[in-house]
Amino acid sequence: MAHLSLRVRCLAGVVGPSLLLGAAAGWSRHPVGLVAAAVGSLALGALFVGRLSQRIGSATEAARRLGQGDLSATMPVEGSTDLRALARALNSVGAASARRDDQLNHALENAANQRDRFHSILNASNDGLLLYDADRHLVAVNQRCGELLGFSVHELLSGNVGVLQRSLEQRSEEPEAYRDRLERHFARPLEPHQDLLVLSAPRRRVIRRYSCPVVNQRGLQGRVFTYTDVTTESDIDRLKSEFVSMTSHELRTPLTSVHGALQLALSGSGDRLAEEDRELLEISLANTERLVRLVNDLLDLSKIEAGRMPFCLAPMALAPLLDEAVRVIQGLAATRGVQVRLDVAPDLGGVSGDHDHLLRVLTNLLGNAIKYSPPGSVVVLEARPTPEGAVVAVLDQGPGIPHDQVDRLFRPFSRLGVHERQTSGGTGLGLAISRALIEQHGGRIWFERTPAGGSQFAFVLPSPSATHKAGSDLAVA
Ligand code: ADP
């Protein structure tokens, strides 16, 4: 209808001026001339309208094809100035869209190539890899991860997270602690975390689970988990621990009797011993005591690491325990001329802990701080609450730890050899035992240099709320 009215208006626009022109030329005085002029005008108008309508039709068709995505559609550049301008505009829209289409296809092809490369790298890894986005939704996983956790990749990516999680919980060697341990990976989103996952089915596997944040310029994007099968290493480690434990046990009995005999010989000898013999016996006694301490520490460490050390976890206030530790260590501090200061935040809450084990950690850290501090210096024991839990730190004004030795500080026998003179009584196991004890409490222990260059050994004991965060049902493993 619109097309028809356009045609009529165009016809009127052409015929009207033609008639006027004929009239002006004086043909109106002859009826035949008038009719001829009218017929001529009509024919001319019809021809013009036909051409115009055809061009508008081809413009409409080209626009329709472009709209449907056919970017090859064009309109011939011809006719009036307006029509030519319209054709050029329409054709350039088509050309620009075709260019953009090419760019888009290229970008999509690139993205597909990158995705394929990403998946090939993921699947080439001998470690299981699993990636969460910032909302803790599973976004990528490789085949090895499926193998290690006993699921197919499809199950992991499309399965019900709750069902997968329950399956892992049931197959884990510590089903009750499973969720808490997993939550610790997410408790400090910007820090890496590592633990061991022991699965009993489809076959027994010990898996080292390591996670670290994925961060770019826009901030935290998610968290990537790496799963490494360490079953063989863990079996060897277990054998080694059993051997150490057995030998230490066997050594302890004869050592205790040698120690007793030496003590007896020294105390019951009166004046009968020559000064030189007494000195030799005293050296033997001191070294036997050191051996007894070493054997006891070795036994304790292997028991803690094997999870065979009895733990009596109970809710307890921390402040009285810190007080007690300072009292226990006061004798050593006085001998060395070091002052021990206690600095406890008034709002320090309680923890769930084993009194004796925590006292052992505290006296070990305080003892080290005193041993390595110069006379006249101050050792500070401070404690404060943090969102992660109660943080306890021992700061000293001693020589600190050289940069390159910090990594092996908590390993057994990591006596660093830099302060040998002051530490002749140490076994090199104190920090390893402290770490094992704190980790059994679900905490962590670390070293930092104080601004003045001394040492700060700190540990955190998680408050129950820090290990039961909301949203735990979003994570699988
Ligand atoms: P040790 O029985 O030798 O003290 P530890 O495991 O307690 O064993 O400590 C390991 C090593 O760490 C020590 O031999 C010492 O070299 C270093 N160390 C520990 N605490 C401190 C400290 N406060 N200042 C300096 N060095 C320390």
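Calculation notes
- Residues numbered from 1 in each chain as written.
- Predicted model: local features only at pLDDT ≥ 70, side-chain atom pairs only at ≥ 80, totals over all residues.
- Heavy atoms only, no water.
- Pairing = 2+ DSSP bridges.
- Helix = DSSP H or I, 4+ residues; strand = E, 2+ residues; numbered from the N terminus.
- Axes fitted to C-alpha atoms, helices over the stretch in contact; angles between N-to-C directions.
- Contact = heavy atoms within 4.5 Å.
- Expected span 1.5 Å × (residues − 1).
- Buried < 20%, exposed > 50% of the residue type's maximum accessible area, 1.4 Å probe, protein only.
- Polar contact = N/O pair within 3.5 Å; in protein donor to acceptor, adjacent residues only side chain to side chain.
- Patch = residues over 30% accessible without salt bridge, like charges linked within 9 Å, V, L, I, M, F, W, Y side chains within 5 Å.
- Areas by Shrake-Rupley, 256 points an atom, 1.4 Å probe, with all protein chains shown as cover.
- Salt bridge = Lys/Arg side-chain N within 4 Å of Asp/Glu carboxyl O.
- Phe/Tyr/Trp six-rings, centres within 6.5 Å; stacked < 30°, edge-to-face > 60°.
- Lys NZ or Arg CZ within 6 Å of the ring centre and 35° of its normal.
- Lys, Arg positive; Asp, Glu negative; His and termini not counted.
- Charge placed at Lys NZ, Arg CZ, Asp CG, Glu CD.
- pLDDT = per-residue confidence, 0-100.
- Parallel < 35°, antiparallel > 145°, perpendicular 65-115°, else oblique.
- Left-handed = near helix turned anticlockwise from the far one by under 90°.

Chemist: What am I meant to see in the sheet that holds strand E7 (residues 339–344) here?
Modeler: Strands pair in a sheet through their backbones, by hydrogen bonds, and they do so in one of two ways: parallel or antiparallel. The strand order E7-E9-E10-E12-E11 describes an open sheet built from five strands, whose pairing is mixed. Of all strands in the sheet, those bounded by a partner on one side alone are E7 and strand E11 (444–449). The sheet shows a mean angle of 15 degrees between the axes of neighbouring strands, taken without regard to direction. Across seven bridges, the pairing between strand E10 (residues 389–395) and strand E12 (residues 455–462) is antiparallel. Counted as the bridge partner of Gly 389 is Pro 462 from E12. Set on the sheet, helix H10 (residues 318–336) makes contact with E7, strand E9 (378–386) and E10; between it and E7 the angle comes to about 175 degrees.

Chemist: Which parts of the structure should I look at to understand helix H11 (residues 355–371)?
Modeler: Quick reminder: α-helices carry 3.6 residues per turn. Residues three or four places apart thus point the same way. Helix length check: H11, at 17 residues, gives a terminal C-alpha distance of 24 Å against a target of 24 Å (1.5 Å per residue), a fit within 8%. Extensive coverage of H11 is indicated by the burial of 14 of its 17 residues. At the N-terminal boundary of H11, the capping side chain belongs to Asp 354, with an oxygen 3.1 Å from the backbone nitrogen of Asp 356.

Chemist: Even after reading the chapter, I still don't get a nonpolar patch on the surface, so can you show me in this structure?
Modeler: Taken together, Leu 190, Val 215 and Leu 220 make up a surface patch of nonpolar side chains, about 280 Å² in accessible area. Mapped onto the elements, Val 215 comes out in strand E4 (residues 205–216). You can call Val 215 partly exposed: its relative accessible area is 48%.

Chemist: Got a minute to help me understand the environment of Gly 376 in this structure?
Modeler: With respect to the secondary-structure elements, Gly 376 resides in the loop between H11 and E9. Considering only alpha carbons, one finds Gly 376 and Gln 397, 21 residues apart in sequence, at a separation of 9.9 Å.

Chemist: When you look at the packing of aromatic side chains in this model, what are you seeing that I'm missing?
Modeler: Each aromatic ring pair is specified by the distance between its two centres and by the angle formed by the two planes. With the rule as written, the count across this model stands at six aromatic pairs. Taken together through their ring pairs, the aromatic side chains of Tyr 132, Phe 186, Phe 225 and Tyr 227 make up a single cluster. Its end group placed over the ring of Phe 186, Arg 136 keeps NZ or CZ at 3.7 Å from the ring centre. When the ring centre of Trp 446 is taken as reference, the NZ or CZ atom of Arg 444 above it lies at 4.5 Å.

Chemist: When you look at a negative patch on the surface in this model, what are you seeing that I'm missing?
Modeler: Among the surface-exposed residues, Glu 275, Glu 276, Asp 277, Glu 279 and Glu 282 lie close enough to one another that they form a single negatively charged patch. Considering the arrangement of structural elements, one finds Glu 276 in helix H9 (residues 275–305).

Chemist: Mind showing me how you'd approach the sheet that holds E4 here?
Modeler: Taking strand neighbours across the sheet as the criterion, the five strands line up as E2-E1-E5-E4-E3 in an open arrangement whose pairing is antiparallel. Every other strand in the sheet has two partners, leaving strand E2 (138–141) and strand E3 (193–199) as the edge strands with one partner each. Each neighbouring strand pair of the sheet contributes to a mean axis angle of 25 degrees, computed without reference to strand direction. Judged from the 10 bridges that link them, E4 and strand E5 (residues 219–229) form a sheet pairing that is antiparallel. Of the residues in E5, the one forming a bridge with Pro 213 is Arg 223. Helix H7 (residues 178–187) contacts strand E1 (128–133), E3, E4 and E5 of the sheet and is inclined by roughly 155 degrees relative to E3.

Chemist: Would you explain the pairing of strand E8 (residues 350–353) in this entry?
Modeler: Regular strands place side chains that alternate from one sheet face to the opposite one. Burial along E8 is one-sided: Val 351 and Gly 353 are buried, while Gly 350 and Ser 352, pointing the other way, are not. The pairing of strand E6 (residues 314–317) with E8 spans four bridges and is classified as antiparallel. Counterpart to Pro 315 in the pairing with E8 is Ser 352.

Chemist: I would appreciate a short explanation of the confidence of the model for the protein chain in the present structure.
Modeler: The predicted structure's coordinates, where accompanied by low pLDDT, should not be read in detail. With 89% of its residues at a pLDDT of 70 or more, the protein chain has an overall mean of 85. Taken as a whole, residues 1–8 scores under 50 in pLDDT and shows four contacts with residues more than four places along the chain or in a different chain.

Chemist: Sorry if this is basic, but what is going on with helix H12 (residues 430–440) here?
Modeler: Listing the buried residues of H12 in full gives Leu 431, Ala 432, Ile 433, Ser 434, Ala 436, Leu 437 and Ile 438. Looking at the buried side of H12, the elements it contacts are H9, H11, E11 and E12. Phi for Gly 442, located one or two positions after H12, is positive at around 85 degrees.

Chemist: Whenever I open this one, the packing of helix H2 (residues 31–67) against helix H3 (residues 81–124) confuses me. Can you help?
Modeler: Two quantities define a packed helix pair, namely the angle between the helix axes and the distance between the axes. Viewed as axis vectors pointing N to C, H2 and H3 meet at an angle of 15 degrees, and their least axial separation amounts to 11 Å. Classified by the angle their axes make, H2 and H3 are roughly parallel. Two packed elements cross with a definite hand, and for H2 against H3 that hand is left-handed. On H3, the residues touching Leu 52, Arg 55, Ile 56, Ala 59, Ala 62, Ala 63 and Leu 66 of H2 are Leu 83, Leu 86, Leu 90 and Gly 94.

Chemist: How should I be thinking about the side chain of Asp 396 in this particular structure?
Modeler: Tracing the backbone through its elements, the reader meets Asp 396 in the loop between E10 and H12. We note that Asp 396 is buried and unpaired, the nearest opposite charge coming from Arg 449 at a distance of 9.8 Å. Within the structure, Asp 396 has its side chain in polar contact with the backbone nitrogen of Gly 398 (distance 2.9 Å). Excluding residues that lie within four positions of it along the chain, Asp 396 makes contacts with Ala 369, Ser 373, Val 378, Val 379, Thr 450, Gly 454 and Ser 455.

Chemist: So what exactly am I meant to see when it comes to the pattern of salt bridges here?
Modeler: When the charged atoms of two side chains with opposite charge come close together, those side chains can pair. Evaluated as defined, the whole model comprises 21 salt bridges. Here Asp 195 ties to Arg 181 by a salt bridge, and the two come within 3.8 Å at their closest N and O atoms. Of the two residues, Asp 195 is situated in strand E3 and Arg 181 in helix H7; the sequence distance between them amounts to 14 residues. Grouping residues by exposure puts Asp 195 and Arg 181 together as buried. The shortest N-O distance in the salt bridge between Arg 204 and Asp 235 comes to 3.9 Å. A residue pair is termed long-range when its members are at least 10 positions apart, and Arg 204 in the loop between E3 and E4 and Asp 235 in helix H8 (residues 231–268) qualify at 31 residues. Residue classification places Arg 204 among the partly exposed residues on the basis of a relative accessible area of 37%. Under the relative-accessibility criterion, Asp 235 is labelled partly exposed at 26%. Taken together, the salt bridges that share partners define one network made up of Glu 173, Arg 204, Asp 235, Arg 238 and Glu 242.

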